[in-house]
Each structure stands twice: as C-alpha cells, then as structure tokens.
Amino acid sequence: MDFNDPMLALSSWIGQIGDFGLGLLWRFIHIVVTLCHIVSGIFEAVESYAISLGLIQKYSSTDIEKLKCLAVVVDIEAARDVSKVVELLEWLTTIGVKQVGLFDSQGLLKKSKDMILEMVPRSVLLQETGEKDTSGIALEFISSSDNKEAVVKAANILFQKYLKSRHPGKDEEGENVFTESHLNEALRVVGESVHVPDLLLVYGPVRSHLGFPAWRLRYTEIVHMGSLKYMRYGSLLKAIHKFTGVRQNYGKGLMVITESRDSNRNF
Amino acid sequence: MLSLLCCFMSLLSFLIHSCLRPWTQAKKSLKDEKEIDEGTYVAGEEETPKGLLREQMPRHVAVIMDGNRRWAERAGLLTSQGHEAGAKRLIEFAELCFKLGIETVSAFAFSTENWGRHKIEVNCLMSLFQRYLKSKIQFFQSEEIRVSVIGNLEKIPESLLGTIKETEEATKRYKKKHLILAIDYSGRFDILHACKSVVKKSQQGLIREEDVDQTLFERELLTKCTEFPSPDLLIRTSGEQRISNFLLWQLAYTELFFSPVLWPDFDKDRVIEALVSYQRRERRFGCRI
C-alpha cells in the first residue's frame, strides 16, 4: 500500500507531462496539415492562373464540340450575386460553350433573367432559339419547380392521355402511354426543357445537385467547383477539358484500356 | 526544437506510464469496473471512429459500386473474380455502416443498361447474385438485416427471382437495418413505374387526380420499401462522377462523394473518409439557414 502511493503520484505527474507533450504534438501536426493545404491551394491557384494565360498547352486545345449542353448549379447564396454569374457566363462564351442551363433551387436566377440576358453579350433564351445554332450562348433558367413538380404535372398529363386512350377490356393498351419518350413529350407540354446536360458544374459549399431536374441527369458528369465567389477561369477550363477527355459506355459493352489520357467509363 | 523535445518527453512518459499501469490498476475496485461496463457498450455496435460524430451519421447511404472489372484487370484476375470481390466488399461495407448506426444502405448492383454487356458477363453476374443471396440468408437473419431488392426484375432468371423472394421473406420482419439492392434498376423506369402505379390506384378509386402531388408520387416509387427513400450520402467509386440513372428522383439533395478508389478496394478507412467528408458539409436542402 505504501509503495503504491508514491508510484501513483509519479504516474500522475508523468501523465500530466505526457498530456502536455501530446497536446503540443497535436498542434504541431495541425500546423503541418494546414501548411500542406495552403501549399496545395497556392499550387492550384498558380495552375489556374497559368491555364488562364494559356501557358499550359493542353488546355488551349479543348474540343468544345463534345460539350453540347452544360448546366450550372448555383447555391442560393451565390445566386444573389448576379455579377458573378454574369462573369461565369462570359467566360463560358469565351470558351465556346453554346448552351447553358442555370439552376438555383429558389429560382432567383429566373427572376434576374432579363438582367442577365442584357449583361451577357450575344445571349438568348434557349426557348427562343429552339434547336438552331447561334453565334452566342443560349441560356435556360431552371429552378426546383422544374424538377419534381414538373414530373408530377407531366405524370398527370400522361394519366389523362391514358384515360382517353383506354378501351374497355384492353387495359394493356393504355400502358403504351408510359414510356420515356412520352414523359419527355409531356414535360415539353408542361413547359419544361428535356435537354440533357453533358456536364453539370456545381458552385457552392455542398457537393449536391440541389434538386436539379432529376429526369435530365441520367448520364451527366457532375463536378463540384467550390464557391462561386472564388471561381477561377483556369479551374473552369480544366473541368471542361477533363470532361472532353472522357469516354462513356453508358453501362454497356466491354471497355478497352488505352494508354491515352482518355478515361474509360463503365456506366 | 521545443516541439521535438516535447514529443520525446511525451513518448518517454507514455512508455513509463505503460510500465506503471499494473500498479495503478491494482487500486481500482471491482465495483468501479462494473460501473464502467454497464451501459457504455452495446453488443454489436462499432466504436465510433475518431473524427466522426455518431449523432450526425447519415440515415441512408447509397453506393454505386464501380470498378470491379478494372480492379480485376489490374490484379491479373478474371472479371468474374472482380465481381466476387465486389460482392464481398458490399457485405463488409453494409456491415460497417450498420455498426456505425446507419439504418439504410442502398447499392446499385445492376442497371437496366448493363443488359447491353456481354452475355457471359451478365450470366456471371446473375449467377453471383443468386449464389451470394442464397449463401447469406442465415447471415442476414443472424444480424437482423432486412433485405429488399428493387428494380424491373422482368428479365432476370426465374431462379434468381425465387432466391430474391426467399431472402426478402426471410428478413422482412427486421426493422433496424435495411439493405436495398438495386438489380435491373433504372431511375427513369422508377419514375415511369410510379406514374403507372398512380394510374392504377386512380382506376381502383383509391386516389383522385387532385390528390397527386410530390408526396404521393414519392410513395409510388420503388424505394417505398424504406422509411428514408432519399439517401443522405451517395458514394460512387472508381473516379467516375455521374449518378448513371440511379435513384434520380431521390437524389435531389443527397451529398455526392466521388472516390477515385476502385470498389473492391473501398475499405473501412475509405468509408470513414466518406463519412467524415459528409459530416463536414453544410447541408441546406435548397434553403437559406
């Protein structure tokens, strides 16, 4: 018993020193990790700047023809700053993107539609161009009401069509009303576009598409770009360039691994 | 210099502390040990790893298990062996999720588009699903995991359909852990199927046209088997950044985590990485907080 008390005191004292040392070690590791993040951020910023100046050769020759339709999801906080959205659209016009869908869940960009169309040179509404090629950029404004609500309305249209087409004793015939192409058509009737974006860029703190129309997202590449406030031209060009290097199999067929920079896809 | 000195001191104190531990532990009474044991450990739960908060765990995690074939090629194995490794990884993944308190796990096992793959590979996959489900029924029962299979299921072999029904029947009474396997699943088909379901119910007089809204529509989707149809977190492996027609309606506000790791290599550390990333995010569900 007597022997144990001094041992306890010694153990406690050593424990306290140990705790202090460990705390210092933790802070030291924290500093190292933070520095790594800072260095990585600086590197990305420098790379982005170099891409903007055209110093990195491979990004100067991006095959923009592969990108037929681009969609941009903007966080509602960012959507309040229309100037940043306009700047982004100007960059996309410079890169050569022809069709852009702008989405925010609350429809703030829809409300600023006229202002955006006025401020972005050679921009038109997608509905006005139809499928015609334009020299500028065709814009589409989308919000959450174009997602699930639109599908429900389209479902109701199909339902009414089914009721009209149904014959007594031939229930299966009506089922031909429920195909993907019929739903596409019903969505058009409701006023929704069915243009499927090839690439979706998400600007915001969260890596989620925030309710972008689900029906259209089947094989869309999704890239999280970070905050719109700190967006960089180089990062945008890099994301588009990376997309153009992708080959999709759409879930079918065997892939062949090549030694090119193309990445091979299964789905 | 100071930090290095403190590192050395802490290491030294740790070693001395370890040596002195038998002396200090002799002071603890049996009563104290009993108090520590009671109520602090629940059998079957995984201790929450550092960096994760149990109360912020997602309720529903979905996974697109991509990369089995590439993994097999890199390892010099057959594609079928890659899919076997993928199936094994899924069971481990689901087990870990349930132990961490996640209630529902959905896995995209086979998409409608995958029917376009080589016949041999498709047959191999169907055979794998059947073999695995059959062999794991006892495991699901012992772990009290409910298994549901969602998808079109019209083209799958009769034998597999039988095994699916058997597995679902054997596990339907379990509530706390739910494993949903999407086989022959397409997000667009799911939405269309819901449309047809709404029509049928309307014909039967169960619903009126004006009752059809988002909530009702959602209840007709194939994910109606779960209380939480919308995943909180979607993980896709192998570096691809698409949702590929998986749970299109349900993924509106789901956190997307794209990992470069191939699915058979997606081990516990990777799962924790995904969960840590999820817990750090600021989810607003489209609203301003």
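All values reported here derive from a predicted model rather than from experimental measurement.

Asker: I tried to follow the pairing of strand 3 (residues 145–150) of chain B on my own but got confused; where do I start?
Answerer: For a regular strand, side-chain orientation follows a simple rule: the groups alternate between the two sheet faces. Residues and elements named next belong to chain B. With five of six residues buried, strand 3 is to be regarded as a mostly interior element. Note: strand 3 against strand 4 (residues 177–185), six bridges, orientation parallel. Residue pairing in the sheet places Ile150 in a bridge with Ala182 of strand 4.

Asker: Looking at this structure, I do not really get the sheet that holds strand 6 (residues 255–258) of chain B. What am I missing?
Answerer: Hydrogen bonds along the backbone pair up the strands of a sheet, which may run parallel or antiparallel. All names here are of chain B. Taken together, six strands build an open sheet; the order of strands is 3-4-2-1-5-6 and the sheet is parallel. The strands lining the two open edges of the sheet, one partner per strand, are strand 3 and strand 6. Recorded for the sheet is a direction-independent mean angle of 20° between the axes of neighbouring strands. Looking at chain direction, strand 2 (residues 104–111) and strand 4 are connected through seven bridges and run parallel. Across the sheet, Val105 pairs through a bridge with Leu179, a residue of strand 4. Its contacts with the sheet put helix 4 (residues 79–99) on strand 1 (60–64), strand 2, strand 3, strand 4 and strand 5 (233–236), and the angle it makes with strand 2 is roughly 160°.

Asker: How should a nonpolar patch on the surface be read in this particular structure?
Answerer: All names here are of chain A. Together, Trp26, Phe28, Ile29, Val32 and Val33 make up a nonpolar patch on the protein surface, roughly 460 Å² of accessible area in all. Relative to the assigned elements, Trp26 resides in helix 1 (residues 4–52). For Trp26, a relative accessible area of 55% gives the class exposed.

Asker: Whenever I open this one, the packing of helix 5 (residues 119–143) of chain B against helix 6 (residues 158–171) of chain B confuses me. Can you help?
Answerer: Each pair of packed helices can be described by the angle between their axes along with the distance between the axes. Residues and elements named next belong to chain B. Between helix 5 and helix 6, the least distance of the axes is 9 Å, while the angle of their chain directions is 20°. Here helix 5 is positioned roughly parallel relative to helix 6, judged by the angle of their axes. Helix-helix and strand crossings are classified by hand; for helix 5 and helix 6 the assignment is left-handed. Along its contact with helix 5, which presents Met126, Phe129, Gln130, Leu133, Lys134, Ile137, Phe140 and Gln141, the element helix 6 presents Ser159, Leu160, Thr163, Ile164, Glu166, Thr167, Ala170 and Thr171. Looking at the contact of helix 5 with helix 6 residue by residue, the class counts come to eight nonpolar, six polar and two charged.

Asker: Explanation requested: unusual backbone geometry in the structure shown.
Answerer: Residue and element names in this part refer to chain B. One non-glycine residue with positive phi stands out, namely Asp184, at about 55°. Position of Asp184 relative to the elements: it lies in strand 4. Its identity is not glycine, yet Asn245 carries a phi of approximately 70°, on the positive side. Structurally, Asn245 can be placed in the loop between strand 5 and strand 6. Among the residues examined, Asn245 registers a relative accessible area of 0% and is labelled buried.

Asker: Please explain the nonpolar core as it appears in this structure.
Answerer: Generally speaking, a soluble globular protein has its nonpolar side chains buried in company with each other. Phe93, Leu181 and Ile235 of chain B are the most contacted members of the largest nonpolar core, which totals 51 residues. Those residues in contact with Phe93 of chain B that sit more than four places away from it in its chain are Val61, Val63, Val105, Ile235, Trp263, Phe266 and Val271 of chain B.

Asker: Quick question: what am I supposed to make of the environment of Ser143 of chain A here?
Answerer: All names here are of chain A. When you line up the elements, Ser143 lands in the loop between strand 4 (137–142) and helix 7 (148–165). Taking the C-alpha atoms as reference, Ser143 lies 8.3 Å from Leu102; in sequence the two are 41 residues apart. Beyond its immediate chain neighbours, meaning those up to four positions away, Ser143 contacts Phe103, Asp104, Ser105, Gln106, Gly107 and Lys110. Side-chain polar atoms of Ser143 contact the side chain of Lys110, separated by 3.2 Å.

Asker: I keep staring at the environment of His193 of chain B and nothing clicks. Help me out?
Answerer: All names here are of chain B. As for its position among the elements, His193 is in helix 7 (residues 187–203). Judged by relative accessible area, which is 25%, His193 ranks as partly exposed. Separated by 20 residues in the primary sequence, His193 and Asp213 have C-alpha atoms spaced 15 Å apart. If we skip the residues at most four places from it in the chain, His193 touches Glu220 and Leu222.

Asker: When you look at empty space enclosed by the protein in this model, what are you seeing that I'm missing?
Answerer: Rolling a probe over the atoms, with the probe sized like a water molecule, indicates the empty space that remains. Going through the model one piece at a time under the given rule, you end up with six cavities of 30 Å³ or more. Elements that contribute at least two residues to the lining of the largest cavity include exactly helix 3 (68–75), helix 4, strand 2, helix 5 and strand 4 of chain B. Among the elements that take part in the lining of the largest cavity, helix 5 of chain B stands out by supplying six residues, more than any other. Taken together, the residues that form the lining of the largest cavity break down as 18 nonpolar, six polar and three charged. Its volume calculated, the second largest cavity comes out at about 60 Å³. Asp146, Asn147, Val151, Leu187, Glu192, Ser193, Val194, Pro213, Trp215 and Arg216 of chain A together form the lining of the second largest cavity. Partitioning the lining of the second largest cavity into residue classes produces five nonpolar, two polar and three charged.

Rules of the game
- Residues numbered from 1 in each chain as written.
- Chains lettered and ligands numbered in written order.
- Predicted model: local features only at pLDDT ≥ 70, side-chain atom pairs only at ≥ 80, totals over all residues.
- Heavy atoms only, no water.
- Buried < 20%, exposed > 50% of the residue type's maximum accessible area, 1.4 Å probe, protein only.
- Helix = DSSP H or I, 4+ residues; strand = E, 2+ residues; numbered from the N terminus.
- Pairing = 2+ DSSP bridges.
- Axes fitted to C-alpha atoms, helices over the stretch in contact; angles between N-to-C directions.
- Contact = heavy atoms within 4.5 Å.
- Patch = residues over 30% accessible without salt bridge, like charges linked within 9 Å, V, L, I, M, F, W, Y side chains within 5 Å.
- Areas by Shrake-Rupley, 256 points an atom, 1.4 Å probe, with all protein chains shown as cover.
- Salt bridge = Lys/Arg side-chain N within 4 Å of Asp/Glu carboxyl O.
- Parallel < 35°, antiparallel > 145°, perpendicular 65-115°, else oblique.
- Left-handed = near helix turned anticlockwise from the far one by under 90°.
- Nonpolar A, V, L, I, M, F, W, Y, C, P; charged D, E, K, R; others polar.
- Core = buried A, V, L, I, M, F, W, Y, C linked by side-chain atoms within 4.5 Å.
- Polar contact = N/O pair within 3.5 Å; in protein donor to acceptor, adjacent residues only side chain to side chain.
- 1 Å grid on protein atoms, 1.4 Å probe; cavity = no way out; pocket = protein on both sides within 12 Å on 5 of 7 lines; lining within 4 Å.
- Points joined across faces, edges and corners; volume = space filled by probe spheres on them.

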